Amino acid sequence: MNNIHRFIQKRFYLRTRHAHPFGIVLDIDGVLFKGRNMLPRVKEAFSLITDKKGNFVVPTVFLTNGTNSTEKLKAAQLSEQLGFKIPADHVLMSHSPLRMFTDLHDKQSTGQRVRILRDFTYSQKVFRVGFKKVTTIDHLVKWFPHLDCTDFSRKIVDPKETEAARKRFRPIEAIVMLGEPLKWETSLQLMLDCVLTYGKMDTMIFPLVAGGRRPDHIPIVACNVDLVWMADIASQLPRIGHGVFIHILDTLYEKLTGQHLQFRATLGKPTEVSYLHAAHRIQRQARAMKLDDVKYLYVIGDNPMSDVLGARLFDRYLRHGGVGRFDHLDLEAFDVNDGEKPRVRTRNVVERCISILVETGVHQEHVHMNGVVKPISALIDNLSKGEQLLLNQPNFVEYDLHAAIRTILRRECYR
Ligand SMILES: [Mg+2]
């Protein structure tokens, strides 16, 4: 028996027999908060998995598709809201796995400016995900004002100034779609230009290869494919998110070229890469807590299309051994900036990923949103609609976070 089970035994007066510790992956929006408001019974829920000093007794990470913050800032914000310390390495954003794409880190890349939290904008320095040469959409607007035709005020610039600034431009070699942009029309136009011109921006070339197809465009990595998200407790309607922006860009590209965009990777829930990253962090925590390897991961979320689908895809990956799926990624880079050696094994240790859907967020509204919340099949490799429907079904449905954690603890006690 390990520490977790001793804790559960004391806390719930239950006898535990299970030999292996388990980990919990928590969504944030719709599970802990709606907008800025904390949902009822959240603090009580954490008292079930933390000791009196606020230290976790169960390895836990927060996995959010948000991109408008850093892990460190998000951890500080959570600590303030929850009233106990959440270390930065307990928080994973949808852009966190970008640090694994080391083959792209030296390329000249462009990324959107995202909704601003406090006063920072997108940059390699702020996000610390490895990219060394970053051009933002704001740079492109400044350097190519004639391309942004939707905002006439931006076109009134000194040509000399533009000419001088443009000398700093280097052709874009990769695109990182971080999160929904501030000005959708500007970002759509310039990202489309960037893909169509192979990163050269104002040189229109349409080279065709055999079969009339265009050669592959520059690599695109997209974070956060959520179509909708819950913005505020006052609103009953989910708001459109970055997934919608990605669909629009793909549709425009398809209308103009007859081909769909090819994503090098999509990150954030529901993609398995993000869950692999979460499992890795859970394993590290277990090691720091002197626990045995974690065999079972529980995912608690409010979105069947995101949290549940991702958990079930990851479970399928675990059960089928995951041979070759992530061979192209630099898994060693998980530990960049984390300083842990040797590397923690994840793939061969975690055995199952179990999903719990709570009814405090998006899911509740989905009942009335038929036709609005569409499948994201275009972004999930080789997944038919039938498979998606099957994989959207959670292992458990609970009213809220408190009920979900109680279910996990009871299940682990009687396993
Ligand atoms: Mg959510």
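Please refer to the structure placed before this passage.
Keep in mind the model is a prediction, meaning the values are calculated, not measured.

With that settled, consider the overall build of the chain. Helix and strand counts for the chain stand at 14 helices and 15 strands. Nonlocal contacts in the chain, meaning residues at least 24 apart in sequence, comprise 76% of its contacts between residues at least 6 apart.

All right, on to helix 9 (residues 242–257) then. For helix 9, built from 16 residues, the straight-helix expectation of 22 Å at 1.5 Å per residue is met to within 8% by its first-to-last C-alpha distance of 22 Å. All of the buried residues in helix 9 are His242, Gly243, Phe245, Ile246 and Leu249. Summarising the axial view, the buried residues of helix 9 lie within an arc of 160 degrees, below the 170-degree limit, and thus occupy one face. Here the buried face of helix 9 lies against strand 8 (174–177), helix 8 (184–196) and strand 9 (220–223). Of the residues trailing helix 9, Gly258 is marked for its positive phi of about 80 degrees.

Ordered in space as 5-4-1-13-14-15, the six strands form an open sheet in which the pairing is parallel. On the outer flanks of this sheet lie strand 5 (91–92) and strand 15 (396–398), each paired with one strand and no other. One ladder, built from two bridges, connects strand 4 (residues 60–63) with strand 5; its direction is parallel. Bridge assignment links Phe62 to a residue of strand 5, and that residue is Val91. Across the face of the sheet, helix 10 (residues 272–288) comes into contact with strand 1 (22–26), strand 4, strand 5, strand 13 (296–301) and strand 14 (352–358) while running at roughly 155 degrees to strand 4.

This paragraph deals with the pairing of strand 9. Every other side chain in a regular strand lies on the same face of the sheet, so the side chains alternate between the two faces. The two faces of strand 9 match: Ile220 and Ala222 on one face and Val221 and Cys223 on the other face are all buried. Where strand 8 meets strand 9, three bridges bridge the pair, whose relative direction is parallel. Paired with Val176 across the strands is Val221, a residue of strand 9. Across three bridges, the pairing between strand 9 and strand 12 (residues 265–267) is parallel. Counted as the bridge partner of Cys223 is Leu267 from strand 12.

Here we come to unusual backbone geometry. The linkage connecting Lys269 with the following residue, Pro270, adopts the cis geometry, with an omega of 5 degrees. By the secondary structure assignment, Pro270 is in the loop between strand 12 and helix 10. A positive phi angle, near 60 degrees, is found at Asn224, a position not held by glycine. Within the secondary structure layout, Asn224 lies in the loop between strand 9 and strand 10 (228–229). For Asn224, a count of 30 C-beta atoms within 10 Å gives the class buried. Located in the positive-phi region is Lys290, a residue other than glycine, with phi close to 60 degrees.

Running from N to C, helix 10 and helix 11 (residues 304–319) point in directions that differ by 75 degrees, and their axes come no closer than 9 Å. It follows from the interaxial angle that helix 10 and helix 11 lie roughly perpendicular. Mapping the contact onto sequence places Glu272, Ser274 and Tyr275 in helix 10 and Gly310, Ala311, Leu313, Phe314 and Tyr317 in helix 11. For the contact of helix 10 with helix 11, the class distribution of residues is five nonpolar, two polar and one charged.

Moving on: the environment of Pro145. Structurally, Pro145 can be placed in the loop between helix 5 (137–143) and helix 6 (152–155). Once the C-alpha coordinates of Pro145 and Pro159 are considered, the two residues, 14 residues apart in sequence, prove to be 9.5 Å apart.

Among the secondary structure elements, Pro40 is positioned in the loop between strand 3 (37–38) and helix 2 (42–47). For the pair Pro40 and Leu401, spaced 361 residues apart in sequence, the C-alpha separation works out to 9.0 Å.

Rules behind the numbers
Residues numbered from 1 in each chain as written. Predicted model: local features only at pLDDT ≥ 70, side-chain atom pairs only at ≥ 80, totals over all residues. Helix = DSSP H or I, 4+ residues; strand = E, 2+ residues; numbered from the N terminus. Contact = placed C-beta atoms within 7 Å. Expected span 1.5 Å × (residues − 1). Buried ≥ 20, exposed ≤ 12 C-beta atoms within 10 Å, placed from the backbone. Arc of directions from axis to C-beta. Pairing = 2+ DSSP bridges. Axes fitted to C-alpha atoms, helices over the stretch in contact; angles between N-to-C directions. Parallel < 35°, antiparallel > 145°, perpendicular 65-115°, else oblique. Nonpolar A, V, L, I, M, F, W, Y, C, P; charged D, E, K, R; others polar.

Taken by themselves, the reported measurements are silent on function.
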